Amino acid sequence: FQQGAQTAASYFLASDEATAEAPLDFLDTRYIIVDAKTAVASFHGVALWGQTSPANYFQTYTQHTPEGKTERLVLYYPSYFQTMLARLFSFRAEAAEPEMYDVIRYTTSGRAEEERTISDLERFESYEEAQAYIEASKDLNVALVSASPFRPCVPIESMDGYSLVFESSTEVQLFGKRVPEVRIFEYSGA
């Protein structure tokens, strides 16, 4: 019946551990359960329960292929990877660092349901280089992105006070990766 959905959403969307841990401590929480569907396919619902737009975390873009076709793809923003939900499910509360940092430049259609089309892609070896490029561009239509919820576009720090205690033997295939359907963490506080 979705009792506590807003509290759960505010925890899962938090981008720093101190903010996220306040409700856990208040509710005397010991275990956090995350699943593939909520972390990826239904993340938009978590955003809406948290009273924010899913577009703050990911958006659909179009791009033209070398064969002259147009394809649609979902691109994830840094804010997605900084959520507690992504840090727990996708990275198991461990640190993660991208091999490359992708920065896109895009055009918009100007309609209410704005279509975004990728016009350029730049790759950088470090987060600092990518950030410097974005700042120097002074273009609002530039974004640091990832095409997979399992490949961050920003460095992810490990999380203190969380221990992985269970992964389901049932797996799902997402973005070319086999992952457990459910992960459970024990929370011991920071």
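Described below are features of the structure shown in this document. (Residues numbered from 1 in each chain as written. Predicted model: local features only at pLDDT ≥ 70, side-chain atom pairs only at ≥ 80, totals over all residues. Heavy atoms only, no water.)

Things to note about the pattern of salt bridges
- Enumeration according to the criterion identifies 8 salt bridges in this entry.
- Close ionic contact of Glu-17 with Arg-87 constitutes a salt bridge, the shortest N to O distance being 3.5 Å. Placement of Glu-17 in helix α2 (residues 17-26) and of Arg-87 in helix α6 (residues 84-89) is noted, with a sequence separation of 70 residues between them. Neither Glu-17 nor Arg-87 differs from the other in exposure class; each is buried.
- Taking the shortest distance from any N to any O, the salt bridge between Arg-92 and Glu-167 comes out at 3.4 Å. Taken together, the residues span a long stretch of sequence, with Arg-92 in the loop between α6 and β4 (101-108) and Glu-167 in strand β7 (residues 162-167) at a distance of 75 residues.
- Taking the relative accessible area as the measure of exposure, Glu-167 reaches 30% and is therefore partly exposed.
- Here the residues in one salt-bridge network are Arg-92, Glu-167 and Arg-183, joined through shared partners. (Salt bridge = Lys/Arg side-chain N within 4 Å of Asp/Glu carboxyl O. Helix = DSSP H or I, 4+ residues; strand = E, 2+ residues; numbered from the N terminus. Buried < 20%, exposed > 50% of the residue type's maximum accessible area, 1.4 Å probe, protein only.)

Concerning unusual backbone geometry
- Positive phi is not limited to glycine here, since Arg-92 has a value of about 55 degrees.
- Of note, the phi angle at Ala-93 is positive, near 65 degrees, even though the residue is not glycine.
- Structurally, Ala-93 can be placed in the loop between α6 and β4.

Some remarks on the environment of Ala-130
- Looking at the element boundaries, Ala-130 is found in helix α7 (residues 127-137).
- Using a relative accessible area of 0% as the deciding quantity, one classes Ala-130 as buried.
- A C-alpha to C-alpha distance of 9.9 Å links Ala-130 and Cys-153, two positions 23 residues apart in sequence.
- Discounting chain neighbours no more than four positions away, the residues touching Ala-130 are Tyr-101, Val-103, Phe-124 and Leu-144. (Contact = heavy atoms within 4.5 Å.)

Overview of the sheet that holds strand β6 (residues 142-145)
- Read across the open sheet, the 5 strands follow the order β3-β2-β5-β4-β6; overall the sheet is mixed. Unpaired on one side and paired on the other, β3 (70-76) and β6 mark the two borders of the sheet. Averaged over all pairs of adjacent strands, the angle between their axes in this sheet comes to 45 degrees, without regard to strand direction. (Pairing = 2+ DSSP bridges. Axes fitted to C-alpha atoms, helices over the stretch in contact; angles between N-to-C directions.)

So, the packing of aromatic side chains
- Inspection of every chain in the model, using the stated rule, returns 15 aromatic pairs.
- Taking the centre distance of 4.9 Å and the plane angle of 70 degrees together, the rings of Phe-43 and Tyr-80 count as edge-to-face. With a gap of 37 residues between them, Phe-43 in helix α4 (residues 43-49) and Tyr-80 in helix α5 (residues 78-81) connect regions that are remote in the sequence. Neither residue differs from the other here; Phe-43 and Tyr-80 are each classed as buried.
- Between Tyr-61 and Tyr-106 the ring centres are 5.4 Å apart and the planes differ by 75 degrees, which places this aromatic pair in the edge-to-face class. (Phe/Tyr/Trp six-rings, centres within 6.5 Å; stacked < 30°, edge-to-face > 60°.)

Re the sheet that holds strand β1 (residues 31-35)
- Spatially, β1-β10-β7 is the arrangement adopted by the 3 strands of the open sheet, whose pairing is antiparallel. Lying at the two open borders of the sheet, with one neighbouring strand each, are β1 and β7. Pairwise comparison of adjacent strand axes, ignoring direction, gives a mean angle of 25 degrees for this sheet.
- Pairing of β7 with strand β10 (residues 182-187), which is carried by 5 bridges, proceeds in the antiparallel orientation. Looking at the pairing, Ser-163 lines up with Glu-186 of β10.

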